[in-house]
Amino acid sequence: MQESSLLIRKYQESDEQGLVSLWNVCKLTVPWNNPYKDIKRKLSVQPELFLVGYVEDNLIASAMAVY
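Parameters and conventions
- Residues numbered from 1 in each chain as written.
- Predicted model: local features only at pLDDT ≥ 70, side-chain atom pairs only at ≥ 80, totals over all residues.
- Heavy atoms only, no water.
- Buried < 20%, exposed > 50% of the residue type's maximum accessible area, 1.4 Å probe, protein only.
- Helix = DSSP H or I, 4+ residues; strand = E, 2+ residues; numbered from the N terminus.
- Arc of directions from axis to C-beta.
- Contact = heavy atoms within 4.5 Å.
- Patch = residues over 30% accessible without salt bridge, like charges linked within 9 Å, V, L, I, M, F, W, Y side chains within 5 Å.
- Areas by Shrake-Rupley, 256 points an atom, 1.4 Å probe, with all protein chains shown as cover.
- Salt bridge = Lys/Arg side-chain N within 4 Å of Asp/Glu carboxyl O.

### Some points on helix H2 (residues 35–44)
Then comes step 1: When we look at burial in H2, the residues that qualify are Pro 35, Asp 38, Ile 39 and Lys 42. All buried residues of H2 project into a common sector of 100° when viewed along the axis, lining one side. Projecting away from the buried face of H2 at angles above 90 degrees are the exposed residues Lys 37, Lys 40, Arg 41 and Ser 44.
Then comes step 2: On its buried face, H2 sits against helix H1 (16–25), strand E2 (50–55) and strand E3 (58–64).

Shown next as structure tokens:
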């Protein structure tokens with residue numbers, strides 16, 4: 001089995017659709033919260049604390065932190 005590296009970096013606009021898809025698959029979205037608005041809201045406050053994780057070209061993780 002070949003091992004792949006995890007790349008963690010700041011969220012970029014190009015991550016949006018993949019991230020919302022990931023959240024949907026993981027059942028992290030709810031009808032009363034629009035995930036696109038949640039992303040926009042996070043980008044307005046400490047966007048440097050919004051991270052995504054990739055293995056190869058696949059978005060597999062996200063983290064939104066607050067301070």
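### Some remarks on a nonpolar patch on the surface
Then comes step 1: Taken together, the side chains of Leu 6, Ile 8, Leu 51 and Ile 60 make up a nonpolar region of the molecular surface, amounting to roughly 360 Å² of accessible area.
Then comes step 2: Secondary-structure assignment places Leu 6 in strand E1 (residues 6–10).
Then comes step 3: Take Leu 6: its relative accessible area is 48%, and that puts it in the partly exposed class.

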